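# Understanding the architecture of this molecule
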Amino acid sequence: MIFHFVTWYPSKTNHAEGIFIQRQIELLAADQQFKHVVIRKSKGITGWWLHIKALLGFFETEKAGNVLVISIPDESSLYRFYFWRFRKKIEQFILRRLFNKYQPCMAHLHVVYGFAEEVLYLNERKALPFIVSEHMGPFPFQWITATQELIIQPMRASSKVAAVSSAQARQIESFTGVTPVVIPNVINEREFYYAAAPLHTPTDKQLNIVFTGVYTKAKGGDYLLHVLPQFLKTYPHTLLHMVGFATEQRMEELNVIIRQHQIAKNIKFHGNLSPAQLNTLYQQCDFYVCSSEWESFGLSVLEGLFTGLPALCTDCGGVKDFIDADNGILIPNDQHPETLLKGMLQMAEVYHRFNRRQIAEQVARKFAGSSIQKQYFSIYRDIINSTAA
């Protein structure tokens, strides 16, 4: 049995959080070579009675396919009373309950900081080996102050560290001294695919461009919106599709820019889309723009490529592992308006020359789920066999 400790994971209130981690675990569980248990920290404040049940070995669980998902108390009403003094001991007791009940042979920590202390405790107390799959980008997050305890120590104690891209691997090695293996994120090949028949009929200078990741400025939405007015002088009938969740404050920041440049008629906000909806949108668009400051991998860009959609990307890290002359254009990541404008104008001239079927086929071969599965299973078996010996 494999314990998957997840820092981020989809929940009833946020279906998108850690979706790439969920996909990875579901891919590994689909083969059924190993049993898989996901362990996440509960959302909100746990009632004291549920906390007591966890101490007795009765956990909140739900079954998702071949995966059992367990929620363990994090913030709890129990800690409002005298018991806050014993919080660390209580948490460690629950970990021992988990270990004794399910008897895992190893652990897989997804994003190091969230369960670093817990996994190190089980490693030291129960000799449980573990690996780390990292997704932070840029690595590490600047707000993490206890880097020795939450990042460096657990990575050095792990049996293996996996980065999702070559760029992230270099950051991890520079910060921790650990050399990771590169294993990319998982794309659901049933959800993102090439459609042979075009879903739209383009007319002269009419362009549909798509951008995902409006929730933070670092994704480059502001940068793109400031450049768009200049692009519209050449392609005035362009429609920019902006996808993703944003808070009211973030939406107002974007709308200020839109009002400033008077480009509202050229923008369509979609909010969060299901994979099926996003797949259809990608198939309807002419090219993707990634104007991000940094991507540890670039999952949305690759999802677009799986549909055959060519991409214009800043040289922002992970995308360099899959953007090439056959599927897109890579531009310097200097965040200068002239650089992005030049790239967009170039892409608008050549997007129709890309072979969308070929784009989809090439990335599907390179990033096949079966290959990712084999890499992780090889690591699992090596660790389990060496532990048994």
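Residues numbered from 1 in each chain as written. Predicted model: local features only at pLDDT ≥ 70, side-chain atom pairs only at ≥ 80, totals over all residues. Heavy atoms only, no water.

## Side note on the state of the cysteines
Formally: Only a pair of cysteine sulfur atoms within 2.5 Å counts as a disulfide in this structure description.
For the structure on display, the rule yields zero disulfides. Among the cysteines around Cys313, which has no disulfide bond, Cys290 carries the closest sulfur, lying 4.6 Å off.

## So, the layout of surface pockets
Note the threshold: Lining residues are those with an atom within 4 Å of a point, where the points come from a 1 Å grid over the protein atoms alone and group into cavities, where a 1.4 Å probe fits but cannot get out, or pockets, open sets with protein on both sides within 12 Å along at least five of seven lines. Grid points are joined across faces, edges and corners, and a volume is the space filled by probe spheres set on the points. Strands are runs of DSSP state E lasting at least two residues, helices are runs of H or I lasting at least four, and both sets are numbered from the N terminus onward. Under the scheme applied, nonpolar residues are Ala, Val, Leu, Ile, Met, Phe, Trp, Tyr, Cys and Pro; charged residues are Asp, Glu, Lys and Arg; polar residues are all the others, including Gly.
Of the voids in this model, the largest pocket is the one considered here, and its volume is about 1,500 Å³. If you go around the largest pocket, you meet 48 residues; those closest to its centre are Ala16, Phe20, Tyr215, Lys219 and Ser300. Secondary structure elements with two or more residues in the lining of the largest pocket: α1 (19–30), β11 (208–212), α9 (275–284), β14 (287–290) and α10 (299–306). Take the lining of the largest pocket: its biggest share by element is four residues, from α10. Secondary structure elements with two or more residues in the lining of the second largest pocket: β2 (36–41), β4 (60–64) and β5 (67–72). With four residues, the single largest contributor to the lining of the second largest pocket is β4. Taken together, the residues of the lining of the second largest pocket sort by class into eight nonpolar, nine polar and seven charged.

## Remarks on the packing of helix α2 (residues 48–55) against helix α3 (residues 87–102)
Under the convention used in this document: Note on definitions: angles span 0 to 180 degrees between N-to-C directions of axes, and those axes are lines fitted to C-alpha atoms, for helices only across the stretch in contact. Roughly parallel refers to an angle under 35 degrees, roughly antiparallel to one over 145, roughly perpendicular to one between 65 and 115, and oblique to any angle outside these ranges. Residues are treated as being in contact if the distance between any of their heavy atoms lies within 4.5 Å.
Contact geometry of α2 with α3 gives a least axis separation of 9 Å together with a crossing angle of 50°. Considering their axes alone, α2 and α3 lie oblique with respect to each other. On the side of α2, the interface is formed by His51, Ala54 and Leu55, while α3 contributes Ile90, Phe93, Ile94 and Arg97. When grouped by side-chain class, the residues that make up the contact of α2 with α3 number five nonpolar, one polar and one charged.

## Re the sheet that holds strand β1 (residues 2–6)
Pairing between sheet strands relies on hydrogen bonds along the backbone, with the strands arranged either parallel or antiparallel. Rules: We call two strands paired when DSSP finds no fewer than two bridges between them.
One open sheet accounts for eight strands, arranged β4-β5-β2-β1-β7-β8-β9-β10; its pairing is mixed. With one partner strand each, in any of the chains shown, β4 and β10 (181–182) form the two edges of the open sheet. As paired strands, β1 and β2 are joined by four bridges and run parallel to one another. Along β2, the bridge assignment pairs His4 with Val38.

## Focus: the sheet that holds strand β12 (residues 239–243)
Pairing is parallel in the open sheet, where six strands are placed in the order β13-β12-β11-β14-β15-β16. The two strands at the open ends of the sheet, each matched to only one other strand, are β13 (267–271) and β16 (328–331). Across the sheet, the axes of successive neighbouring strands diverge by a mean angle of 20°, strand direction being ignored. Sheet topology note: the β12/β13 ladder contains four bridges and is parallel. Following the sheet pairing, His241 is matched in β13 by Lys268. In this fold helix α7 (residues 221–232) packs onto β11, β12, β13, β14 and β15 (311–314), with an angle of close to 175° to the strand it touches most, β12.

## Points about the pattern of salt bridges
Short version of the rule: Salt-bridge detection follows one rule: a side-chain nitrogen of Lys or Arg within 4 Å of a carboxyl oxygen of Asp or Glu. Under the scheme applied here, a residue whose accessible area is under 20% of the maximum for its type counts as buried, over 50% as exposed, and between as partly exposed, the area being computed with a 1.4 Å probe on protein chains only.
Applying the stated rule across the entire model yields 14 salt bridges. For Arg40, the salt bridge identified is with Glu62, shortest N-O distance 2.8 Å. Of the two residues, Arg40 is situated in strand β2 and Glu62 in strand β4; the sequence distance between them amounts to 22 residues. Glu62 gets classed as partly exposed once you look at its relative accessible area, which sits at 40%. The salt bridge partner of Asp315 is Lys320, with a shortest N-O separation of 3.7 Å. Take Asp315: its relative accessible area is 30%, and that puts it in the partly exposed class. In the salt-bridge network here, residues are joined through shared partners; they are Asp74, Glu75, Arg87 and Glu91.

Such coordinate-based values are descriptive only and should not be taken to indicate function.
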